[in-house]
Amino acid sequence: MTTPAPGLDQAQLERLAARALEHVRDGALVGLGSGRAASAFVRALGARVAQGLRVRGVPTSEATARLAREVGVPLVGLEEGILDITMDGADEVDPHLDLIKGYGGALVRERIVATASRRRVTLVGGEKLVPVLGTRGRLPVEVIPFAWPLVVRELAALGCRPTLRMAGGVPFVTDNGNRIADCAVRPIEAKAAFGRDLRAIPGVVDTGLFLGITDLVLVAEGRGIREMRRGATSA
Ligand code: A5P
């Protein structure tokens, strides 16, 4: 069973996944996101594959790869070419459809797979909608371990308060062998400049600021699904 995301119950996750499936055509090359909403989609996709849908998936994490294998979604790599569509979750969505991602620690491969895709769809519950990115107070940054002391100083100089993400009493290790700095942030007004400054620090692999990436956000609210499209949103 997929564990419901905070604010999303199992039925909402399944409705979100079912709506996402409507965007997947037979023969598609599909990016498979990470996290609970994306996992609900992978399970639903597996059920459709069992009924005869022919798709191939590119996973954004080892956890998603394991799940995809379990539910029978064939996996391939980026060498297969441009992906038709990627379905992934997010931790914050602002009115411009810009995102914060990476609370699950898979942000580097999530951006790679999203960038390799023609269409990018984000699956969230209404509790992820924020007026300004950073509202939930956390921005994950993936860091090469060797560079950690330098990166921590540089992040602090940019006004972030970084904390080393832990898991089971030891530093969390990403699928790329790196660490995650969870930066305490205030709402981020100059998000593009801030993202560029963070990525310019030697040793920062990537950040959870995903700007201009998603085309469509599917928002589970109550018993319905709301669609937010790039260019059709307020503010
Ligand atoms: C993984 O690194 C994240 O970017 C996830 O996409 C994000 O944390 C959303 O996950 P949930 O769907 O579990 O909330």
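Note that the structure is predicted; figures quoted are calculated from it, not measured.

1. Observations regarding the overall build of the protein
No. 1: Helix and strand counts for the protein come out as 6 helices and 15 strands.
No. 2: Computed over the C-alpha atoms, the radius of gyration of the protein is 17 Å, within 12% of the 18 Å expected from 2.2 N^0.38 for a compact globule of 235 residues.
No. 3: On the principal axes, the C-alpha backbone points of the protein span a range of 55 × 40 × 35 Å.
No. 4: For the protein, the proportion of its 235 residues judged to be buried stands at 51%.
No. 5: The contacts of the protein with a sequence gap of at least 6 include a subset with a gap of at least 24, amounting to 75%.
No. 6: Accessible surface for the protein amounts to roughly 10500 Å². Of this, 54% is attributable to carbon and sulfur atoms.
No. 7: Taken as two groups, the 31 positive and 26 negative side-chain charges of the protein have centres that lie 1 Å from each other.

2. Notes on the sheet that holds strand E6 (residues 117-125)
No. 1: The strand order E2-E1-E3-E6-E14-E15 describes an open sheet built from 6 strands, whose pairing is mixed. The open sheet terminates on both sides in strands that have one partner only, identified here as strand E2 (56-59) and strand E15 (224-229). Taking each pair of neighbouring strands and ignoring which way they run, the sheet shows an average axis angle of 25 degrees.
No. 2: Relative to strand E3 (residues 83-88), strand E1 (residues 29-32) is paired through 3 bridges, and the arrangement is parallel. Bridge pairing links Leu32 to Met87 in E3.
No. 3: Packing of helix H2 (residues 36-50) onto the sheet brings it into contact with E1, E3 and E6, and relative to E1 it is tilted by some 145 degrees.

3. A word on the domain arrangement of the protein
No. 1: Per the domain assignment, the segments making up the protein are domain 1 (10-129 + 211-222) and domain 2 (138-201).
No. 2: If you average the C-alpha positions of domain 1 and of domain 2, the two centres end up 24 Å apart.
No. 3: Contacts between the two partners involve 16 residues from domain 1, matched on the other side by 14 residues from domain 2.
No. 4: Both faces considered, domain 1 and domain 2 share a buried interface measuring about 1200 Å² in area, 51% of it formed by carbon and sulfur atoms.
No. 5: Between Lys191 and Asp94 there is a salt bridge, with its nearest N and O atoms 2.6 Å apart.
No. 6: At the junction of domain 1 and domain 2, the tally comes to 7 residue pairs in polar contact (both at pLDDT 80 or more).
No. 7: When the residues that make up the side of domain 1 that touches domain 2 are grouped by side-chain class, the tally is 5 nonpolar, 5 polar and 6 charged.

4. Brief notes about the site of the ligand
No. 1: If you check the shell around the ligand, you find 17 residues, and the closest are Arg36, Asp91, Gly102, Glu110 and Lys128.
No. 2: Between the ligand and Gly89 there is a distance of 3.4 Å, counted from an oxygen atom to a backbone nitrogen or oxygen.
No. 3: Within the backbone of Ala106, an N or O atom sits 2.9 Å from an oxygen atom of the ligand.
No. 4: Protein burial of the ligand: of its 380 Å² of free accessible surface, 95% is covered by the chains.
No. 5: Elements with a contribution of two residues or more to the shell around the ligand: H2 and helix H4 (107-115).

5. Side note on the pattern of salt bridges
No. 1: What the rule picks out here adds up to 18 salt bridges.
No. 2: Among the ionic pairs, Glu62 bridges to Arg109, the shortest N-O distance being 3.1 Å. Of this pair, Glu62 sits in helix H3 (residues 62-71) while Arg109 sits in helix H4; the two residues are 47 residues apart in sequence, bridging distant segments of the chain.
No. 3: Between Lys101 and Glu110 there is a salt bridge; the shortest N-O distance is 3.1 Å.
No. 4: You can call Lys101 buried: its relative accessible area is 4%.
No. 5: One continuous salt-bridge network, built from bridges that share partners, spans Asp94, Asp98, Lys191 and Arg230.

Parameters and conventions
Residues numbered from 1 in each chain as written. Predicted model: local features only at pLDDT ≥ 70, side-chain atom pairs only at ≥ 80, totals over all residues. Heavy atoms only, no water. Helix = DSSP H or I, 4+ residues; strand = E, 2+ residues; numbered from the N terminus. Rg over C-alpha atoms; globule rule 2.2 N^0.38 Å. Buried < 20%, exposed > 50% of the residue type's maximum accessible area, 1.4 Å probe, protein only. Contact = heavy atoms within 4.5 Å. Areas by Shrake-Rupley, 256 points an atom, 1.4 Å probe, with all protein chains shown as cover. Lys, Arg positive; Asp, Glu negative; His and termini not counted. Charge placed at Lys NZ, Arg CZ, Asp CG, Glu CD. Pairing = 2+ DSSP bridges. Axes fitted to C-alpha atoms, helices over the stretch in contact; angles between N-to-C directions. Domains from an automatic or database assignment. Buried area = accessible area lost by both parts, 1.4 Å probe. Salt bridge = Lys/Arg side-chain N within 4 Å of Asp/Glu carboxyl O. Polar contact = N/O pair within 3.5 Å; in protein donor to acceptor, adjacent residues only side chain to side chain. Nonpolar A, V, L, I, M, F, W, Y, C, P; charged D, E, K, R; others polar. Near = heavy atom within 4 Å.

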